[in-house]
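What the coordinates show
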Amino acid sequence: MSDREPPRRRVPGPARPSANPRPRADRADPRRAGSGGGRRPGPGARPARRPPGRRPAGPPPLRLGSPRPRLRLVSLALTLVLLAFVVRLLQVQAVDASAYAAKADQNRYVVHTLAAERGRISDRNGVALAISEDADDITADPTMFTREQLGIDDAPEQAAALLAPILGQGQADLVRKLRPKKKGVRYVKLAGRQTPQVWKQIKDLKTALAKKAQKDKSTVNVLAGVFSDPSSQRVYPNGDLAAGILGWVNAEGKGGGGIEQQLDKKLSGKDGKIRYAQSGGREVPTAGSTETPAVPGSDVELTIDRDIQWAAQNAISEQVKKSKADRGYVIVQDTRTGEILAMANAPGFDPNDLTKADPNALGNAALQDAYEPGSTAKVMSMAAVLEENAATPFTHVVVPNRLHRGDRLFQDDVDHATWYLTLNGVLAKSSNIGTILATGQLGKTQPEANRVLASYLHKFGIGSYTGLGFPGETRGILAPADKWSTSQQYTIPFGQGMSLNAVQAASVYSTIANGGVRVEPTLIRGERGADGRFTPAAQPKKTRVVSAKTAKTVAQMLESVVDDQEGTGTKARIPGYRVAGKTGTANRVDPATGKYRGYTSSFAGFAPADKPRITVYCAIQNATSGSYFGGQICGPVYKQVMEFALKTLQIPPTGAPPANLPVTYKP
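Residues numbered from 1 in each chain as written. Predicted model: local features only at pLDDT ≥ 70, side-chain atom pairs only at ≥ 80, totals over all residues. Heavy atoms only, no water.

The chain appears in an unreviewed UniProt entry as Cell division protein from Streptomyces brasiliensis. As stated in UniProt under Sequence similarities (unreviewed entry), the record for the chain gives "Belongs to the transpeptidase family." Under the Subcellular location (unreviewed entry) heading, UniProt states for the chain: "Membrane". (UniProt positions renumbered as here; feature names shortened; annotations may be inferred.)

The structure is reproduced here in structure tokens:
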């Protein structure tokens, strides 16, 4: 410690009076003086003593509690709340981030299909046969028909009631689409490929409801969730022309028959997609979109000629109606290339409106009907006999009125005395008995003759598909030679006991006309892709069936059928042209009963006979009015169609004289 003494504490003394004291205001006012005189105590004066038993006037003094406990509680509550927010943020942004992002995208973004434009189908000259026109798919967002959106429970029912008469659908079907079982569905198609007029009608109604809802808050626009997507509609400008070939497109936009079905993948192209943000059913322009463009389908060019198709279809339709027949078909083929120039069916249908079509008329009967051809098949038997050198056109054939073979007694279509015919005459007069006798020379035994004949039938394409690849095509029926029944081995040579379709029958005559070479029939010339490049169809398969010499001889024999007065095809004559042809009248199997009832009438041939260019085949099923003989009802159809085709293609006559092979001989 220091030796110095601590400083003494100065104690303030009593205040000294001022030399010039200032008078106080309460001195001059006795009313403000207290009981202790008119002065207030000075700074050093002692306070006046309070009288005992009396409290001071005014409220008692307020004593404040400590704030620390309350602050602690508030801090704890805030901490818990912040902690809950932090946990939730971690869950949303870290744990469930992907799930919420996907859900947000699903609710915000809409994906629509961009329908590809279907390729057109045209004839060989580029004339349109099937095209696509602008249309609309009527769509809806089911989430916009919920109570959360519109405030009512029956929005789907109200919307369906308004849309049903416009779309031609049942209300129940529309309600099911607008209220799907799966939750969260944002896109449904109410009706596809509707005309622009249909969408305009819906749009006008939708706009009217929106205006009414703005004026009357109790009104709800139940069509707010209905939209349209650009699409296309299939149109067939020529109505029922070539409908059997073209087919149709169903409500789903897929080919339902014919070329439309066969080449559906190429015609359809590839649909695209567009994805965009939406709000309230409308696209958000600033949110951007992603689009995968649609790839249009390829255009298909057929081998048919529209004008020849029209002539064939008109001729067969009139004859079927006149004969009160079940149906009929006409095939026109280019003998050199195998191209089908016409394939007509009667009755037909209009693919623009299938609701009015006869279900039995849908399809392509010329390729889908299997029937026994009758005498038009004799040309194959004669070609086999000539090719095997079993006979010549001048070979004498004695034809009795009846011929017993196997378990049957055979006859010709008319009773006659014994005929003395050449082999050419057997074909000209279409003798069943003469054909049996001639084909019997194909082998030393009947089974051997059967095998030889069967081999030629197969070469001509009988029992095999044509090569067209057409939907529903039949390949006919031809049993193996060793399975032929006792009667079949004698009926097959003249066209009974076997079956084929109309294109196969036409192909037989085109083979003879083409010098004995069979060219697979074709119906498609090529395709033009989205890039505009034309790709020709593959070359058809060619098969040598008989020699050129045999084919020429058979062609001359077929001329006798038409030109000779004793021939059965005189109604098929065309002035100025050499015509080769053959009639056919076969017993017909009724598809309903499986038994023979009625007849199949037919005529087949080509022209010019000495320089063939065109084959025409006609067949009529179950004619019930007038004649049923092929030469009588199909011969005129052949003539009408052949004349038109020769003029259209500007094929002149050759001017050469006919062969005039003998039909009979003197015994």
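**Overview of the environment of A361**
Along the chain, A361 falls in the loop between β13 (340–346) and α11 (365–368). Judged by relative accessible area, which is 10%, A361 ranks as buried. For the pair A361 and P347, spaced 14 residues apart in sequence, the C-alpha to C-alpha distance is 6.1 Å. For A361, the residues in contact, after removing those within four places along its chain, are P347, G348 and F349. (Helix = DSSP H or I, 4+ residues; strand = E, 2+ residues; numbered from the N terminus. Buried < 20%, exposed > 50% of the residue type's maximum accessible area, 1.4 Å probe, protein only. Contact = heavy atoms within 4.5 Å.)

**Notes on the environment of V637**
Among the secondary structure elements, V637 is positioned in helix α20 (residues 635–648). The exposure class of V637 is buried, given its relative accessible area of 3%. Taking C-alpha positions, V637 is 8.1 Å from A312, a pair spaced 325 residues apart along the chain. Residues contacting V637, with those up to four places away along its chain left out, are A315, I316, Q319, V330 and C618.

**Overview of the nonpolar core**
Looking at soluble globular proteins, one finds that nonpolar side chains tend to be buried together. Grouped together as the largest cluster of nonpolar side chains are 91 residues, with contacts concentrated most on I259, L302, I331, M343, M380, L523 and Y617. For this core, the element with the highest residue contribution is helix α17 (residues 502–513), accounting for 8 residues. Core analysis: the second largest hydrophobic core is formed by 33 residues, V320, A346, C634 and V637 among them. (Core = buried A, V, L, I, M, F, W, Y, C linked by side-chain atoms within 4.5 Å.)

**Comments concerning the packing of aromatic side chains**
Following the criterion strictly, the structure yields 9 aromatic pairs and no others. With centroids separated by 5.8 Å and ring planes inclined at 85°, the aromatic side chains of W248 and F349 adopt a geometry described as edge-to-face. Of the two residues, W248 is situated in strand β6 (residues 248–249) and F349 in the loop between β13 and α11; the sequence distance between them amounts to 101 residues. Judged by relative accessible area, F349 falls into the buried class, the value being 4%. Ring centres 6.3 Å apart and planes at 80° place the aromatic pair F410 and F494 in the edge-to-face group. With F410 in strand β16 (residues 408–411) and F494 in the loop between α16 (488–491) and α17, this pair connects stretches of sequence that are 84 residues apart. A relative accessible area of 8% means that F494 is categorised as buried. Above the plane of the ring of W419 lies K429, whose end atom (NZ or CZ) is 4.6 Å from the centre. (Phe/Tyr/Trp six-rings, centres within 6.5 Å; stacked < 30°, edge-to-face > 60°. Lys NZ or Arg CZ within 6 Å of the ring centre and 35° of its normal.)

**A look at a nonpolar patch on the surface**
Taken together, the side chains of L76, L80, L83 and V87 make up a nonpolar region of the molecular surface, amounting to roughly 390 Å² of accessible area. Relative to the assigned elements, L83 resides in helix α1 (residues 68–95). (Patch = residues over 30% accessible without salt bridge, like charges linked within 9 Å, V, L, I, M, F, W, Y side chains within 5 Å. Areas by Shrake-Rupley, 256 points an atom, 1.4 Å probe, with all protein chains shown as cover. Salt bridge = Lys/Arg side-chain N within 4 Å of Asp/Glu carboxyl O.)

**Quick word on the pattern of salt bridges**
Enumeration over the complete set of coordinates arrives at 23 salt bridges. A salt bridge links K266 to E527, with the shortest nitrogen-to-oxygen separation between them at 2.9 Å. Here K266, found in helix α9 (residues 264–268), pairs with E527, found in strand β19 (residues 524–528); they are 261 residues apart in sequence, far enough to count as distant. Taking the relative accessible area as the measure of exposure, K266 reaches 42% and is therefore partly exposed. The structure contains a network of salt bridges with shared partners spanning R118, R234, E260 and D264.

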